Every structure is written in C-alpha cells, then in structure tokens.
Amino acid sequence: MPEGVASEKKGFFNRIEALFPFDWDLLRHAGAEPVPYHLKKWWFCLGGTPMYLFVVQVITGIALTFYYVPSPAEAYHSVFVITHDIRFGWFLRSIHKWSANLMIISVFLHLLRVYFTGAYRHPRELNWVFGFALLGATLAFGFTGYSLVYEQLSFWGATVATNLADAVPFVGSYISYFMRGGPEVGEQTLTRFFIFHIGVLPTLVFFLLALHIVLVRLHGVTELHFEGEVVEKEHRFFRFWPEHATTEILIGVLLMYLLTILSLIWPAQLGAPANPNVTPEHIKPEWYFYFSFRLLKLTSLKVSVVLTGAIMGIAMFWPFIESWLKRKFGMSERLSIFIGIFAFLGFLVLTVWESFAH
Amino acid sequence: MNDASMDRRTWLASAAMGIGLLLSYGTLAVQGMMYLLPQQIGRRGRKLFAGRLVDYKVGGVRTFLDLEGNDILVKRDEEGLKAYSSVCPHLGCRVHWVDAEKHFFCPCHRGVFDETGIAISGPPADGGQRLSEVPLDVDKDGGVVYIEVKDIKRS
C-alpha cells in the first residue's frame, strides 16, 4: 500500500514529498558525477561559461523585450528609449551586448579546447555535432539580435547577409526570401528576426544544451592525459557537487564582474537610425563575421558562400570525417592538430585583416 | 584540528559565500525590478549640457548640436545668455554667426539677423521674421549652461 505509507508520514517535507513524489536520490546521483582532476585547471571550465552567459542573455533579453517594439517605425526609437530613458536600461542593454560577445568568444575557446585535446573523438562524435550546432545558433543569435537595433549599420548588415544567403546554390533565393519575409529587408524581416531571436533560437539552444550536457553526463568527462604523463593506476576524481559546482559559481561571479566593468567602460552605443535610401560608406558586420566578410572581398560572392559553407560543414562533421580518413588512409591524429592550427590561424588572420581594413 | 572544527569552518565558508551571492545577485535583481517598473517615457524635452559659463566670452557665440542634428547657437552678451535655432525662418537653411560683422548670416538668400535674432536684411527681414529662440537654463551655482531641446520624434 504505497499511498497509505506516504500519507502516514508526518512533517512538512514529507507532505511536500507526497504532493511532489520525486526521487531525490536521482538528483544526488546526477550531481555526484565524477569529474577528472584536470578540470581543476580553469581552461577546462570553458563549457560552463557560455551556459552561464546564456542564462544572463535570457534574463536581460526578457527585460529588454519589455520595452522593445519590433517594427521598422518603432524599433530604433524603442532602443533609444531603453538606452536613454528607462532606469538601468542602458546597463541591461550593455550587459546583453557584452554577454553576447563574450558568449561567442567562449564558445570559440571551448571549441578550440575540445578540438586540441581530442575530446571530440569516439565515442563523443555526436556531442561535437551538437556543440557545433550550438555555435551556429550562437552566431545566429548575434546576427538577428544586432539587426533588431535597426540602426544604419545593422540594417545594411542584414541586407548584405540576406543577399549572401541568396548566393547559396539551388536553395539560396528561397532562404533569403524566407529570412526577409519578402523581396527586401523591411517590416516582415524585423518581425521574423525578432521571433527567431526571442522564440525559435532560445528554444533550440535550450534543447541542444540539454542534449549536449546529457551526453557529457552519459559519456563522462574525457580523461585527459598529456604525453609523457605518468598515468596513475587509480583515476583521480572529485565530485561535481559541490566541488566543481563551486568552481562554476566562482566563474559566474567573475563573469558578472567582467560584464559590469565592460558595460561601464564601453556601454552599448546607438548609431544613426536605419535609412533604406542611404547606403553607408563602410558596411561592416560584427567582428565574428569578419572572416566571412574578408573571404567575400577576396573571392567572389558565390565562391565565398560555398567555401564558408563547405568549411563549416567539414568542421561540424570532422569527428566522423577524421575517423573515416584514419580507417581509409591511415591518417595520423597529429595531422588533425596541424589542420586545426591552420584553420584557426586562417580564421584569426582573416578576422584581424578585416578589422584593420576599411 | 578535530573534525568538528573543520565542519564548522566549512559551514561558515559556505554560509559566507551563499550570503555574498544572495546579496550581490539580489542587488542586481532589485535594480532589475526598477527597470521593469512602468515609467514615463516619451518626454517632450531634454536638457543638453552646453558648456560652462566661464567658457562664454561676452559677445561670443558657441554652437551645439540638438538631438535632430541642427546647430543651436548660444550667444552671450551683457544681459546674459540667449540660445537661437540655426534654422532660418525663411526657407530652413542653416544660419551661422559672423563674428567680424556681429550678426547672424544665412548664406542661401543673404539673410542677415542682428545680435538679438531679428532679421535686418534679405528675405527674412522683408517678412519681418526672426530666429526662433531655444529655452536655456543656466545653473548659476554650478556655472553650467543647459539648452532645452526637443526630444527626437517618437510616434
């Protein structure tokens, strides 16, 4: 008689447990995940950073949505009101902006860490794919979010980006038409970007993050051994809760500190309002699209779009491609390191090049 | 060191950390709530800083931008400060101060305005027009000047 047993229990917590019959041992079990000792090194905590920043983005984003109006006539003014009139509006907007930038940086750094420590290899290939999808979603967040400001540069950025989508082979015209909600950037575009930014992408990221973390938990954190390291027979682990969680909380506080300082020194600015009739002299996307923009300047529209797509596709499925190359051609894992360094330096060079160019 | 004191120490450290986190994030949450309180938005005017009083020479004119991007000409004479819109009442060209002649001049149709903004020659004088005045606020104690300009349009 399980019901009888439950109702016989006395006390506040037992009553709650009767109403919400959750097996707390499950949580205890999930929290007791063994964490390898190398996670004491901060470099390995980069995955938690974008997740913390995502939470910051959700909270500040919801706050900003209270005053933001997604229509071409109102968008710029509502951002102006948030920045200049609403109490703490400038602060929340600056935090949102800086957190977005830091999120992209930390996702990149997390990706580099996972790549160069080989943590993406079998059996964790799928988690790399999820992680890469998260990178894509983060970039899409940045792009749609920036476009919502509806200032001159972000408007023309959206125009250029949707024109780029137009150049995708076969389906490009459909994609750009879908993104814009019509033949050109306008009323429909802003509503679409808004829905993507506050509805579709957050939901997508939430589920991808859940999958990402569940997979980490199922596979366990990779045990990393450096070359020449004497591997002890007994693996050294510490508990996720409370030891590792404390580290993550500390990182959260440090991030909040960093975000506040950045927002105080460089608060989010507002350029000239969008004007579809006047093209600015220098159009530039946000820094995380510099590599693609530089590629566009170096090659033709079609070539750069196909090239960017191909590189992204290869990178996304690299764990599978690598193991196939290993099986087929006996490729050494060392080559992967060189390919990674080459790709990263390429990205860095294109980004820095574009940031100094006019 | 026995086990009991270790426990107390750990407990104290955790408690300090927990309270610290609660206080700092709590402060942020309170400020966040103030952001969400309904607020009067769409004010009509806005005060812009227009320099310190000591920066104004008697008989001189300094120029500031309003929020619509038009020049506001702030002039000091013996009586005090006056601010004028640079928009010519004739056809909306931009008027500027000619220090040598001590008058405002509109280059479009050679309109001339005297030191108090009244048109004295050219088409604006024929129409009996004058430069529109912009409200000005001088903080005597602080020695700071503000111009009161229209906020940018919000529909």
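Residues numbered from 1 in each chain as written. Chains lettered and ligands numbered in written order. Predicted model: local features only at pLDDT ≥ 70, side-chain atom pairs only at ≥ 80, totals over all residues.

J.: Is there a simple way to explain the overall build of chain B in this structure?
T.: Along the backbone of chain B there are 2 helices and 11 strands. Listing the helices and strands of chain B from first to last along the sequence gives α-β-β-β-β-β-β-β-β-α-β-β-β. Relative to the 2.2 N^0.38 estimate, which gives 15 Å for 155 residues, the radius of gyration of chain B is 28 Å and therefore markedly larger than a compact globule would have. For chain B, the spread of C-alpha atoms along the three principal axes comes to 100 × 40 × 20 Å. Counting over 155 residues, chain B shows a buried share of 17%. (Helix = DSSP H or I, 4+ residues; strand = E, 2+ residues; numbered from the N terminus. Rg over C-alpha atoms; globule rule 2.2 N^0.38 Å. Buried ≥ 20, exposed ≤ 12 C-beta atoms within 10 Å, placed from the backbone.)

J.: What exactly am I supposed to notice about the sheet that holds strand 11 (residues 144-150) of chain B here?
T.: Through backbone hydrogen bonds, the strands of a sheet pair up, either in parallel or in antiparallel fashion. Residues and elements named next belong to chain B. As summarised here, the arrangement of the 3 strands in space is 1-11-10, forming an open sheet in which the pairing is antiparallel. Every other strand in the sheet has two partners, leaving strand 1 (45-52) and strand 10 (136-139) as the edge strands with one partner each. For this sheet the average axis-to-axis angle between neighbouring strands, irrespective of direction, equals 25 degrees. (Pairing = 2+ DSSP bridges. Axes fitted to C-alpha atoms, helices over the stretch in contact; angles between N-to-C directions.)

J.: Quick question: what am I supposed to make of the pairing of strand 3 (residues 71-77) of chain B here?
T.: Within a regular strand, the side chains alternate between the two sheet faces. Residue and element names in this part refer to chain B. Two strands pair when backbone bridges link them, and strand 2 (residues 61-65) and strand 3 are joined in this way by 5 bridges, in the antiparallel orientation. Bridged to phenylalanine 64 within strand 3 is isoleucine 72. Hairpin connection from strand 2 to strand 3: 5 residues lie between these consecutive antiparallel strands, with glycine 69 at a positive phi of about 90 degrees. With 6 bridges connecting them, strand 3 and strand 4 (residues 80-85) associate as antiparallel partners. Across the sheet, residue leucine 73 finds its bridge partner in strand 4, namely tyrosine 84. Where strand 3 hands over to strand 4, the hairpin turn is made up of 2 residues, counted between the paired strands.

J.: Help me out: how do you make sense of the interface of chain B and chain A in this one?
T.: How big an interface is tends to be stated in terms of accessible area lost as the parts join. On the side of chain A, 12 residues touch chain B, which itself brings 10 residues to the contact. Counted by class, the side of chain B that touches chain A contains 5 nonpolar, 4 polar and 1 charged residues. (Contact = placed C-beta atoms within 7 Å. Nonpolar A, V, L, I, M, F, W, Y, C, P; charged D, E, K, R; others polar.)

J.: Teacher, can you tell me more about the pairing of strand 6 (residues 103-106) of chain B here?
T.: Residue and element names in this part refer to chain B. Because side chains alternate across strand 6, one face comprises the buried residues Phe104 and Cys106, and the other comprises His103 and Phe105, none of which is buried. Pairing between strand 5 (residues 96-98) and strand 6: 3 bridges, direction antiparallel. Bridge pairing links histidine 96 to phenylalanine 105 in strand 6. Hairpin connection between strand 5 and strand 6: a loop of 4 residues separates the two successive antiparallel strands, and lysine 102 in this loop has a positive phi of roughly 55 degrees. Pairing between strand 6 and strand 7 (residues 111-113): 3 bridges, direction antiparallel.

J.: In this structure, what is going on with the domain arrangement of chain B? I would like to understand it.
T.: For chain B, the assigned domains read domain 1 (1-39) and domain 2 (45-150). The gap between the C-alpha centroids of domain 1 of chain B and domain 2 of chain B is 55 Å. (Domains from an automatic or database assignment.)

J.: Would you mind going over the packing of helix 8 (residues 152-166) of chain A against helix 9 (residues 172-180) of chain A with me for this structure?
T.: Packed helices, taken two at a time, are described by the angle between their axes plus the distance between the axes. Residue and element names in this part refer to chain A. The contact between helix 8 and helix 9 brings their axes to 7 Å, and the two run at 150 degrees. Classified by the interaxial angle, the pair formed by helix 8 and helix 9 is roughly antiparallel. Judged by residue contacts, Thr162, Asn163, Ala165 and Asp166 of helix 8 engage Gly172, Ser173, Ile175, Ser176, Met179 and Arg180 from helix 9. For the contact of helix 8 with helix 9, the residue count by class is 3 nonpolar, 5 polar and 2 charged. (Parallel < 35°, antiparallel > 145°, perpendicular 65-115°, else oblique.)

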